[in-house]
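Observations on chain architecture
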Amino acid sequence: MKGVVYLGDSEVEVREFPKPEPGPGQVVIESKVAGLCGSDLHKYHNTREWAEARKGMISGHEPTGIVAEVGADVSNVKEGDRVCVYHSVGCGYCPVCLAGTPVFCKNEGAFGRTIDGCHADFMLTDARYCLPLPEKLSFAVGAQLACTACTAFSATSKLPTRRGEPVVVFGLGPVGAAAMLMAEGMGCNAIGVDPGDVLQVLR
């Protein structure tokens, strides 16, 4: 299969890799759409030394696709299922992992950062990170939800605000723009401020 590797100094390379094989509790996803996060741009522009230390790790952490192979002891998904894959990985056994929030695990990692990611024909993941993607949602929308929109939702859902109150979002990149839309959906008066030339206000 083919996969994307960061070389440092704003260069990438498409390399040949062996197709992954699922172990117990794991599945292989056939990639359909894999997003580019703002953090990927930081990786893209990083140094040659940083890239060499990754030892050919495949990039990407906003994956959607179809379950291609299922390992032993997997019950939550089956071959042919459409899925979005949660981007953070944890130990799987601590209280925060068992609560479904591996992003807070003390051993937290991420696809494309600590293990091979989704910018490839196939990716390997623990089955517990697979989220069902309904037919009415495209793979492109699923990739947007995988990191960008869900990060914004996690933040806005914690706001101690009531309908009609102002919410100010600083920075209108993809996550900030998604936070604006979600705050508006909550009934707040969302105001967006960006250091660029545009002051955007949604009403």
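Please refer to the structure higher up on the page.
The paragraphs below set out a description of the structure included in this document. Fair warning: this is a prediction, and the values are worked out from it, not measured in the lab. (Residues numbered from 1 in each chain as written. Predicted model: local features only at pLDDT ≥ 70, side-chain atom pairs only at ≥ 80, totals over all residues. Heavy atoms only, no water.)

Quick notes on the packing of aromatic side chains
The relative placement of two aromatic rings is captured by the distance of their centres and the angle of their planes. Basically, it comes down to this: Ring geometry is summarised as follows: Phe, Tyr and Trp rings, the Trp one being its six-membered ring, pair when their centres sit within 6.5 Å, and such pairs are stacked at plane angles under 30 degrees, edge-to-face over 60 and tilted between the two. Strands here are runs of E lasting at least two residues and helices are runs of H or I lasting at least four, both read from the DSSP assignment and numbered beginning at the N terminus. Summary of the burial criterion: residues with accessible area below 20% of their type's maximum are buried, those above 50% are exposed, and those between are partly exposed, where the area comes from a 1.4 Å probe applied to protein chains only. Here, a charge over a ring means that NZ of Lys or CZ of Arg falls within 6 Å of the ring centre while also lying within 35 degrees of the ring normal.
The tally for this structure, following the rule as stated, stands at two aromatic pairs. Seen from their ring centres, Y6 and W50 are 6.3 Å apart, and the 50 degrees between their planes marks the pair as tilted. You can see Y6 sitting in strand β1 (residues 2–6) and its partner W50 sitting in helix α2 (residues 48–53), a full 44 residues away along the chain. Using a relative accessible area of 5% as the deciding quantity, one classes Y6 as buried. Looking at W50, the relative accessible area reads 25%, which means it is partly exposed. Summarising the aromatic geometry, the rings of F111 and Y129 are spaced 6.5 Å apart at their centres and angled 85 degrees between planes, so their arrangement reads as edge-to-face. Of the two residues, F111 sits in the loop between β7 (109–110) and β8 (122–126) while Y129 sits in the loop between β8 and β9 (130–132), which places them 18 residues apart along the sequence. Overall, the relative accessible area of 5% leaves Y129 in the buried class. Between K19 and the ring centre of F122, over which it is positioned, the NZ or CZ distance is 4.5 Å. Sitting over the face of the ring of F139, R82 holds its NZ or CZ atom 4.3 Å from the ring centroid.

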